[in-house]
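# Residue-level structural notes
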Amino acid sequence: MKFFKSLTTGQRTIALSLGFMLVLSIVRLFTNADDITSSATISSTLRVATPILLAGLAGVWAERVGIVNIGIEGMMIIGTWFGGYGAWKWGSWAGIALAIFAGSLVGLLHALATVRFNVNHVVSGIAINILAAGTTEYLSIIFFKGQQGGGESQSPAGKGGSGEFDMPFLAGGRIGSWRSPDILGWLEKKHDLPLLPDLAGLLRGLVSDIDIPTIVAIALVPITAYVLWRTRFGLRVRSSGESPQAGESLGVSINRLRYQAMAISGGLAAFGGAYLSTVVTSTYRQGQTGGQGYIGLATTIFGNWTPFGVFRGSILFGFPSALKFRAEKNVPALLLVIAVILIALGIVSAMKHKQMLTMGLFIGAALSAATYFLVDEVPQEFVAATPYIVTILVLAGAQQQLRPPAHAGLAYRAGENH
Amino acid sequence: MTEHSHLGKQLAVELHGITKRFPGVIANHDVELTVRPGTIHAIVGENGAGKSTLMKTLYGMHQPDEGTITVNGNLVQFKTPTDAIAAGIGMVHQHFMLADNLTITENIILGDEPTDNRGRINFKEARARIESLMTSLGATFNPDTNVSELGVGQRQRVEILKVLFRGAKILILDEPTAVLVPQEVDELFTTLKRLVAEGATVIFISHKLDEVLAYCDEITVIRRGTTVAHTTPSQVDRRSLAELMVGSDLPDPSGRETKVGEDVRLQVTGLNLAGTFAGAKLALEDINVAVHSGEIVGIAGVEGNGQFELCESILGLRKILSGSISVCGQELSHTETRDRINMGLSYIPFDRHREGLLLDAPLWENTFLGREENAALTNGPFISRGKIEADCRSIIERFGVLTPSEQVPAFALSGGNQQKLVVGREMASDPKILLAAHPTRGVDVGAQAAIWDELRHARDKGLGVLLISADLEELIGLSDRILVMFDGRVTAQLDPATATPEMLGTYMTGEEQGDAR
Amino acid sequence: MKSQRLQRMAITSASSLLAVFVALCICAVILLITGKDPIEAYRTLFGAAGDTKVLQGALNRATPLMISAAAVAIGFKMNLFNIGVEGQMRVALLTTAVAGAAVDLPAPLHILFCLVVAMATGAIWAGFAGWLKVKRGVNEVISTIMLNFVALSLVAWAFDSFFRVESTTGSLLVKTKELPTSAWFPDIVDRRLNGMFFIAVLVLVLFYVLVWKTKFGFQLRASGANPGASRVTGVNPKRMVMISMLLSGALAGLVGMRALLGDVHAYQNNLAEQQGFNGIAVALLGRNHPLGIFISALLFGYLGEASGRLQLIDIPKEITTIMTGIIVLAVVIINEVVKRWDDRRIQHKAAAALETVAVPA
């Protein structure tokens, strides 16, 4: 445990992923659920996880500066619409850019209400969600209805993709017109071996059928970490969420920071929305976000308000849905994965002499394993509810480990706090 | 005024004729202050004398209505603290302004970060500068630890570092020792001496006479908003300094008729209360207090020595470890707070804003608070608004609360009137025993006298009062007995007729511990 | 000093009206930009007020809004934010539909049974959030949002797996077993206005009496206004949190009953959708006061009912959703601004009155 704590967040993410892969590998050998580590599953996990990741990062930026952002869902909705509109008119990248711009404006609106007018953050967020839903529905009827392929609740198809490719040699990508060998694809099919095909699947999932917006989104994780922890702007943002009085007493303009960070937050959330309407599909559809903004909010908490934590959370929350989508029959194997993880956590907590928690974890593991042997199929609804239940459990069980920004969501007016 | 004719050497700070008014209050008037460079200059005065207001003026947190500020010979006008910082003034606030989840380094450099031209923080440079400042300060912590892991003394050290990091040469410390344990106080002054030796000037706000006399070079006394004396430790002793602060001889309680009754209203025996976290020392240790009818028992002590915890324990707001508490002979162990109140326990809380009032609610709702079981104000499960309003009006009249009506929200009243309202509410139900914590804190002289009269009057009619106060005049003037609390224990019992401020002071600072019974 | 109270009420109402007016203006600009005629739009929208059928429909739509707004407002009085009304309502809907269809009782009792089941279920679901807050310190905003989605999934799954029955009328809509007619809440105006309207009004009246006229209500408000002050008077803040969460959940359970008992008489997907969420907007515009909630619910009910007319003149009815969002934002902003102004005004008035009092003294 000491060793684990000595690692940086980036290293921890890698260590945890490797551990997770090991568990998956064992379960795969045992159940023959080959798809739980196939490159196709990994690749679609990324696609499912990216919008959640972006929404989660939006949450990190907002809460780190001290503003609770319930409006992420609404900002994503705005993103889906403007992404769809831009893609239809000019192409995917224009759609994404337009969405980010529109999202920033919505973020600024949230900042205006909460910073300038001291409105309760949750209330303002709810208002933004209502406003976003109404605006996009209204605009769709004005702009999309009657267009070819468009309708009251759907945009016409976007122009062209945002660029997808396979990596040569590793995933059989093309160099010119020559198709290189697919080394990882070959390895991945050696299903009798332990771990090796799983790692090959993981790697191939990361390098095949990838698109640039996904890479940009993932790159935003270290970028956010860098900006928040290594730059002057980032330090001031974090101080604003921890103790705006401290910054103010030293001449830092808290209000300006909050506008800036909220514009970033809105832009990120809208990017997540645009990803849905330009990368995952090529059209805007009403209700496309389906609550992913709230899952993003959940990952902000689950990820302990850190970018790498949000990344872990989005993968974890995205994985079951991706598997469900790719290989329905393999989903029950996840119950065994959960059982193994719960046992591992149980052992850790037993070492810390937390009897109640240990017992709970072992009972959970037993139930999970028993369910695996009893059911053939995990209902879609359970997969969908997992992120929310996990978040509630984390909040209820591990709150001591969480470090939310101390001042997030509290009323603050510059110059009145001495 | 003596000894500031150091010709040729410029004054570090000179305040002349400073007056600062707030709605309904004159916080400072005609303040004269001269601080020589390279000294530790104490500003002493009672709670509410206007020390903090004055220092906020000097630090640019608000502007004076009249008067001039001169720093190092230059006439200045500070619009914001940033201006004051630029002039080399730094302030260590009484309530620390630190972000717990940031590291020490991050807290120190915030707002003045050494960066490259792309906004990247140069942590190496920051660290080097902080470490050299730490050496001159004698501080030894790892600047990469989170502030949340620091104790109070270390946090104060970080606050000082913050000020020094900005190049401040004139340091204002607002009651820095209020939160420190004695050993930390010594360390703080060692640090301050070191800084002064390196050319800094320290303005030190305090109401603790011991440390002022022991460590400071010069003293300015503030009373009722204005400066009344400028002196040095060699020219005064404790008694005369205390008199300067209070403004007259301490009240003479002799010749008062004691009407202390036979029956015990409040009996606390062998009370122990656990500390706030596992492994911490006891918050209260073997407390024994008895209050009789018609008796005011004063509790003296520096804040944070267990007075708050004692009140909370008596009220049943904290689970006690062992011991017993009874009111009028009835053991309270298994009763809830509400029952205790119904048995005749009443409480004037430490902080009227945090625990005493509903600021946005009208006065009549405020005087009803906590009296929901009073049958005269209710009608079964319903409240009787008319009766409550009438009751509120009678409280307003009896306690001279200045307000247009009982419909006004509580925030509209001045602090003194708010306090009178709270006192009135707590006395209105004719309690058997009253816990009065700082009943006249932040209250003007007129209101103070009115509240004292009411307390005496109720005492004469048989009320038992446990009076917690930091105001020695109040304690000596009202109490029939004075107990001193130090470090969670009752360390002395004194007779107000013979008690002197020195005696109280030595017991309050834990220098000496007497017989508690 | 009644005049002072009236004055404050007038200020409150005026700021809410101003918010609605601001929203109308902003929506007019949006209509103009998108090439629609705002004057014609508003004439159509508000012209429908002359139509009795529209008014009856508005009352019908206002019914669940009043109840869900009361559910939200009772939390607000305690400084609690129950965003989970939607989820609590949904769980209660399915439970009541199933339980109501399973028993056989005479008419008034059957309805009462259904209402009690709904309230109990809603309270239990909200109780989770209350428990999490009291025992584990989990912020109720987050937990109720999460529980909304859990409720959505749970109900969808239970409905699909256990309780759906194939339609006998050839309709494509899948429902639960239909409630016996003894559980049907009677209409006042056939198919236009359901009797649940009176239950909603009753809820508001009881809400008023409970919060403003009883000792419990006083403690509730005091605990919300200053938990520290009410704690030292012996009011247990955790207990108050739990009670207000349960009360809020019980009301949330009732929200869907107009649709279930008064209209569809069986559970189906999307039944009463959004009615729990919309209560938040109504409570905010109504300033958490029963009278304000009543009027706001009527306004939103009317907008919802009359918006259909807009489509006849080729204006998307979603403009009313935008209007709702702007009203919410405008009302909270204007409230903040007005409150600061009003506080200063009162303070100055009090200070001025004091001087006149103080002079003779």
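Every value quoted in this text rests on a predicted model; they were computed, and no experiment measured them.

So, on to the overall build of chain C. What chain C contains, in helices and strands, is 14 helices and two strands. Taken over C-alpha atoms, the radius of gyration comes to 22 Å for chain C, in line with the 21 Å a tight globule of 361 residues would show. Out of the 361 residues belonging to chain C, those deemed buried represent 52%. The contacts of chain C with a sequence gap of at least 6 include a subset with a gap of at least 24, amounting to 76%.

What follows is about the overall build of chain B. Per the secondary structure count, chain B includes 17 helices and 22 strands. Compactness check: chain B gives a C-alpha radius of gyration of 25 Å against a globular reference of 24 Å for 517 residues, within 12% of the reference. Projected onto its principal axes, the C-alpha positions of chain B cover 70 × 50 × 50 Å. Within chain B, buried positions represent 48% of all 517 residues. Taking the contacts inside chain B whose residues are at least 6 apart along the sequence as the reference set, 69% of them involve residues at least 24 apart.

Turning our eyes to something else, we now look at the confidence of the model for chain B. Looking at chain B as a whole, its pLDDT mean stands at 85, while 91% of the residues score no less than 70. Taken as a whole, residues 1–8 of chain B scores under 50 in pLDDT and shows seven contacts with residues more than four places along the chain or in a different chain.

Turning our eyes to something else, we now look at the environment of Leu 336 of chain A. When you line up the elements, Leu 336 of chain A lands in helix H15 (residues 333–351). Each residue touching Leu 336 of chain A, except ones within four places of it in the same chain, is listed here: Val 27, Thr 31, Ala 369 and Tyr 372 of chain A.

Where interface size is given, it is often the accessible area lost as the parts come together that is meant. Across the boundary between the two partners, chain C contributes 34 residues, which contact 35 residues of chain A. Looking at the side of chain C that touches chain A, the elements that each hand over two or more residues are helix H5 (107–136), helix H6 (140–163), helix H12 (275–285) and helix H14 (319–358) of chain C. Top element by residues in the side of chain C that touches chain A is H14 of chain C. It accounts for twelve residues. Each residue belonging to the side of chain C that touches chain A can be placed in one class, and the counts come to 24 nonpolar, seven polar and three charged.

Right, let's talk about the nonpolar core for a bit. Judged by nonpolar contacts, the single largest core of 383 residues is most densely connected at Val 484 of chain B together with Met 66, Ala 70 and Val 328 of chain C. If we skip the residues at most four places from it in the chain, Ala 70 of chain C touches Val 203, Leu 204, Phe 207, Leu 251 and Ile 293 of chain C.

The subject of this paragraph is the packing of helix H4 (residues 85–102) of chain C against H6 of chain C. Residues and elements named next belong to chain C. It is at 8 Å that the axes of H4 and H6 come closest, and there the two elements cross at 20°. In terms of orientation, H4 lies roughly parallel with respect to H6. Relative to H6, H4 is oriented so that their crossing is left-handed. When H4 is examined against H6, the residues Glu 86, Gly 87, Arg 90, Val 91, Leu 94 and Val 98 are found in contact with a partner set consisting of Leu 147, Asn 148, Ala 151, Leu 152, Val 155, Ala 158, Phe 159 and Phe 163.

Residue and element names in this part refer to chain B. The strand order E12-E11-E14-E15 describes an open sheet built from four strands, whose pairing is antiparallel. Among the strands making up the open sheet, the edge pair consists of strand E12 (284–292) and strand E15 (330–331). Relative to E15, strand E14 (residues 322–327) runs antiparallel, the two sharing two bridges. In the strand pairing of E15, Ser 326 is matched with Glu 331.

Turning our eyes to something else, we now look at the sheet that holds strand E10 (residues 226–231) of chain B. Two strands in a sheet stick together by hydrogen bonds in their backbones, pointing the same way (parallel) or opposite ways (antiparallel). All names here are of chain B. In space, the six strands of this open sheet follow the order E6-E7-E8-E3-E9-E10, with mixed pairing throughout. Each edge of the open sheet carries a strand with a single partner, namely strand E6 (89–92) and E10. Going across the sheet, the axis of each strand differs from the next one's by a mean of 20°, ignoring polarity. By the bridge criterion, four bridges tie strand E3 (residues 40–44) to strand E9 (residues 218–223) in an arrangement that is parallel. Its bridge partner lying in E9, Val 44 is registered against Val 221. With respect to the sheet, helix H1 (residues 51–58) is in contact with E3, E6, strand E7 (170–174), strand E8 (201–206) and E9, its orientation differing from that of E7 by roughly 150°.

Thresholds, definitions, all that
Residues numbered from 1 in each chain as written. Chains lettered and ligands numbered in written order. Predicted model: local features only at pLDDT ≥ 70, side-chain atom pairs only at ≥ 80, totals over all residues. Helix = DSSP H or I, 4+ residues; strand = E, 2+ residues; numbered from the N terminus. Rg over C-alpha atoms; globule rule 2.2 N^0.38 Å. Buried ≥ 20, exposed ≤ 12 C-beta atoms within 10 Å, placed from the backbone. Contact = placed C-beta atoms within 7 Å. pLDDT = per-residue confidence, 0-100. Nonpolar A, V, L, I, M, F, W, Y, C, P; charged D, E, K, R; others polar. Core = buried A, V, L, I, M, F, W, Y, C linked by C-beta atoms within 7 Å. Axes fitted to C-alpha atoms, helices over the stretch in contact; angles between N-to-C directions. Parallel < 35°, antiparallel > 145°, perpendicular 65-115°, else oblique. Left-handed = near helix turned anticlockwise from the far one by under 90°. Pairing = 2+ DSSP bridges.

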